[in-house]
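Observations on the three-dimensional arrangement
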Amino acid sequence: CFKYIMANKTICINDGELIVGERGPAPKATSTYPEVSLHTLPDLEILDSRPKVSFKVDDKTRKIYEDTIIPFWKGRTQRDRIFENLSDEWKQAYEAGVFTEFQEQRAPGHTVAGKKVFQKGMLDFKSEVEEALANLDFKNDPRAIERREELKAMAIAADTLILFANRYADELEKLALVEKNNVRKEELVEMARICRKVPANAPSTFHEMLQHYWFIHLGIITELNPWDSFNPGRLDQHLYPFYKRELDLGVLTEDYAVELLHSFWVKFNNHPSPPKMGVTAQESNTYTDFSLINLGGVKEDGSDAVNDLTYVLLDVIEEMRILQPSSMVQISKKNPDRFVKRAVRIAKTGFGQPSFFNTDAIVQQLLSQGKSIVDARNGGASGCVETGAFGTEAYILTGYFNLNKVLEITLNNGVDPVTGKTIGLKTGNAEDFKSFDDLYAAYEKQLNHFIDIKIEGNNIIEKMWGTYMPVPLLSLITEDCIKNGKDYNAGGARYNTSYIQGVGLGSITDNLTVIRKHVFEDKKITMADLLKALKSNFDGYDQLRHDVIYNTPKWGNNDDYADRHAVMVFNSFYNAVNGRPTSRGGAFRINMLPTTSHVYFGSKIGAMPDGRLAKEPLSEGISPVQGADRKGPTGVIQSAAKIDHIKTG
């Protein structure tokens, strides 16, 4: 399938560009993946008409969908297969908004290319595959046949990418023959030469390296939409040896290097995230592909990794000022102050880039998960804030987890008050709890119960991806997949991590603070009256709502009375998830990002003790409830610093 697509898709070369290759027939053209999840005709209408980032769907595409794609794929997609195999218990929790599932609409993967991808060509990878095939032991290895099929697929993927690049070379040569402008003619001839060389062979120049990576990027995002965010990772480290050597030889100028990087940036910007479905398509209509360039940090030996090209790349980020690729700086105590100040000067323009990450904390976090020191130092962040060991780890996001919905169900003895269905454990009537500790013990039981459901479901889902939806190209470039003869989606990588994202930390902190203070310590209200107020959406309880909002300590103000509840919930969530085995042979971990799910999760919850009214959004990320912070950004940071960030990815 992959070979067919790459051999037949329209070749697109844009005026004046120096890096070639598009996912579709034009910039911004984006494919759907009906083998994963099937868009309906109303979905196509939403995508065509939504106001922010729309995907124009012409009549021809609609007709193909209606006559061919929908009839063929209906009931046969990976999404259909997943929902057929999950328990009713899982489906009830999912529908109630206890958690979401990423792999029901898109493929696994939140991964980043490591250094190997910049040092080897497809022919080198193919040689490794052929060696692994020759070493298969059919007498003693019961998995030898499976390994052989995976390795054969990897070889096809390598050949396919070479074929794709040669199609571009053919077209560039044709354009060069008719080009009247001599400068552009020379560019086209040089680009054709490069496409004949890479990605078949390892790149040996700055220009070759950028084009080499870009062909691999296009192949990965065409193969199976690996949950966005595939990117070149630590670009200054990969490119610097080529940049310095060519500058020293006088065959590359800094101005031309910058022009090449501008063209590279535009390529990322031409590739929005594949469109989502249903309500997600309607609400999440500004999604980029979440590519995140990493700069700075440390080298493999732990020394300062900032170099001259780091500053050139920061200049490019400031000058281009586009959403994709996004950028971040890894700040280590080894880095010079000049680096930090240069990044801050860009950030203070209000652009929102680069984001700032603590390299030393990232390394500690990856070491705590069992990575080697070298793999940890080669790592960084991808997507929004997710950390991983670049080129060696298959780390995927499994979905968001609604920490506040669990409290709502606990307060109602296992019943979801929004639907009236019993979906949780019978942990006792809230009116009968004698102390805050009794309530929290019930909350923790309920939390563990729903984490069990989420993890059981994810193990089924991950097994199905490994079985039915392999990604041989992504496997080819990820360390140890060739050696293991095993697909990226099936646990072939050196490290395999599955993250569950906790949502609404500020809200759950304030909710628990209200209950401790007003119900159990100050005894200003009974639990029974609080539950009545929540049931009525605070109608008739104006004074109570005023007290819980304005006369209660809040997360985000460096107030230990409130902040201890954030630490409690964070640790309970961590203990419920961390280290549990996945079906890919890795481990489940936590992180604390919501993207936009705090809005959706809020819509699935009634009124809550902190004064939040029914269906309103929850707090974002690990931030305070909107407007609850009264001590400025320092107070917010002091509260946030009380949770152990080494425990979260």
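The structure we're discussing is the one just above.
All of the points below concern the structure found in this document. (Residues numbered from 1 in each chain as written. Predicted model: local features only at pLDDT ≥ 70, side-chain atom pairs only at ≥ 80, totals over all residues. Heavy atoms only, no water.)

Here we come to the overall build of the protein. When its secondary structure is counted, the protein shows 27 helices and ten strands. In terms of overall size, the protein behaves like a compact globule, its C-alpha atoms giving a radius of gyration of 26 Å where 649 residues would be expected to give roughly 26 Å. The buried share of the protein, taken over its 649 residues, is 58%. By sequence separation, contacts in the protein at least 24 residues apart represent 75% of the contacts at least 6 residues apart. In the form shown here, the protein has an accessible surface area of approximately 25900 Å², with 52% of it arising from carbon and sulfur atoms. The averaged location of the 86 negative side-chain charges in the protein is 1 Å from the averaged location of its 78 positive side-chain charges. (Helix = DSSP H or I, 4+ residues; strand = E, 2+ residues; numbered from the N terminus. Rg over C-alpha atoms; globule rule 2.2 N^0.38 Å. Buried < 20%, exposed > 50% of the residue type's maximum accessible area, 1.4 Å probe, protein only. Contact = heavy atoms within 4.5 Å. Areas by Shrake-Rupley, 256 points an atom, 1.4 Å probe, with all protein chains shown as cover. Lys, Arg positive; Asp, Glu negative; His and termini not counted. Charge placed at Lys NZ, Arg CZ, Asp CG, Glu CD.)

Applying the stated rule across the entire model yields 22 aromatic pairs. Between Tyr168 and Phe215 the ring centres are 5.9 Å apart and the planes differ by 55°, which places this aromatic pair in the tilted class. With Tyr168 in helix H8 (residues 144-178) and Phe215 in helix H10 (residues 206-224), this pair connects stretches of sequence that are 47 residues apart. For the pair shown, Tyr168 and Phe215 are each scored as buried. Between Phe436 and Tyr440, the aromatic rings sit 6.3 Å apart at their centres with planes inclined by 20°, giving stacked as the arrangement. Of this pair, Phe436 and Tyr440 both sit in helix H19 (residues 436-468), four residues apart, which is roughly one turn of the helix. Chaining the aromatic ring pairs together yields one cluster made of Phe118, Tyr213, Trp214, Phe230, Phe264, Trp265 and Phe268. Cation over ring: Arg76 sits above Phe72, and NZ or CZ is 4.1 Å from the ring centre. We note Arg81 situated over the ring of Tyr468; from NZ or CZ to the ring centre the distance is 4.0 Å. (Phe/Tyr/Trp six-rings, centres within 6.5 Å; stacked < 30°, edge-to-face > 60°. Lys NZ or Arg CZ within 6 Å of the ring centre and 35° of its normal.)

Before going further, it helps to spend a moment on the layout of surface pockets. Taken as a whole, the second largest pocket spans an internal volume of roughly 830 Å³. Of all elements in the fold, only strand S3 (355-358) and helix H16 (359-368) reach the threshold of two or more residues within the lining of the second largest pocket. Tallied by class, the residues present in the lining of the second largest pocket amount to 13 nonpolar, eleven polar and one charged. (1 Å grid on protein atoms, 1.4 Å probe; cavity = no way out; pocket = protein on both sides within 12 Å on 5 of 7 lines; lining within 4 Å. Points joined across faces, edges and corners; volume = space filled by probe spheres on them. Nonpolar A, V, L, I, M, F, W, Y, C, P; charged D, E, K, R; others polar.)

The amide bond that connects Val198 to the next residue, Pro199, takes the cis arrangement and shows omega of 5°. Mapped onto the elements of the fold, Pro199 is located in the loop between helix H9 (182-197) and H10. With phi around 65°, Phe538 is a residue other than glycine that occupies positive phi space. On the secondary structure map, Phe538 appears in the loop between helix H23 (527-535) and helix H24 (542-550).

Most often, soluble globular proteins have nonpolar side chains that are buried together. Grouped together as the largest cluster of nonpolar side chains are 163 residues, with contacts concentrated most on Val98, Met122, Phe206, Trp265 and Phe401. Core analysis: the next-biggest nonpolar cluster, separate from the first, contains nine residues, Leu38, Leu44, Leu47 and Tyr65 among them. (Core = buried A, V, L, I, M, F, W, Y, C linked by side-chain atoms within 4.5 Å.)

Glancing now at helix H25 (residues 560-577). When the terminal C-alpha atoms of H25 are compared, their 25 Å separation across 18 residues agrees well with the 26 Å that a helix rising 1.5 Å per residue should span. Those residues of H25 that fall on the buried side of the exposure criterion are Ala562, Asp563, His565, Ala566, Val569, Phe570, Ser572, Phe573, Tyr574, Ala576 and Val577. The N-capping residue of H25, defined by a side-chain oxygen 2.9 Å from the backbone nitrogen of Tyr561, is Asp559. In the segment just after H25, Gly579 is the residue with positive phi, at about 85°. (Expected span 1.5 Å × (residues − 1). Polar contact = N/O pair within 3.5 Å; in protein donor to acceptor, adjacent residues only side chain to side chain.)

Applying the stated criterion across every chain yields a total of four cavities of 30 Å³ or more. One number sums up the size of the largest cavity: a volume of about 100 Å³. Around the largest cavity sit 13 residues that line it, and Tyr33, Ser37, Gln105, Asn225 and Pro275 are the ones nearest its centre. Its residues assigned to classes, the lining of the largest cavity comprises five nonpolar, six polar and two charged.

Once that is clear, we can look at the pattern of salt bridges. One pass over the structure, following the stated rule, counts 40 salt bridges. The partner of Arg79 in a salt bridge is Glu104, with the nearest N and O atoms 2.5 Å apart. Separated by 25 residues along the polypeptide, Arg79 in helix H4 (residues 78-85) and Glu104 in the loop between helix H5 (88-96) and helix H6 (116-119) bring together distant segments of the chain. According to the relative accessible area criterion, Arg79 is partly exposed, its value standing at 24%. The class for Glu104 is buried, based on a relative accessible area of 7%. A salt bridge links Asp522 to Lys517; its shortest N-O distance comes to 2.9 Å. (Salt bridge = Lys/Arg side-chain N within 4 Å of Asp/Glu carboxyl O.)

On the secondary structure map, Gln324 appears in the loop between helix H14 (308-320) and strand S2 (326-331). Each C-alpha atom, one on Gln324 and one on Lys532, is 48 Å from the other, the two residues being 208 residues apart in sequence. Those residues in contact with Gln324 that lie beyond four places of it in its chain are Trp265, Phe268, Asn269, Thr288, Asp289, Phe290 and Ser291. At 3.3 Å, the side chain of Gln324 and the backbone nitrogen of Phe290 are in polar contact. A polar atom in the side chain of Gln324 sits 3.0 Å from the backbone nitrogen of Ser291.

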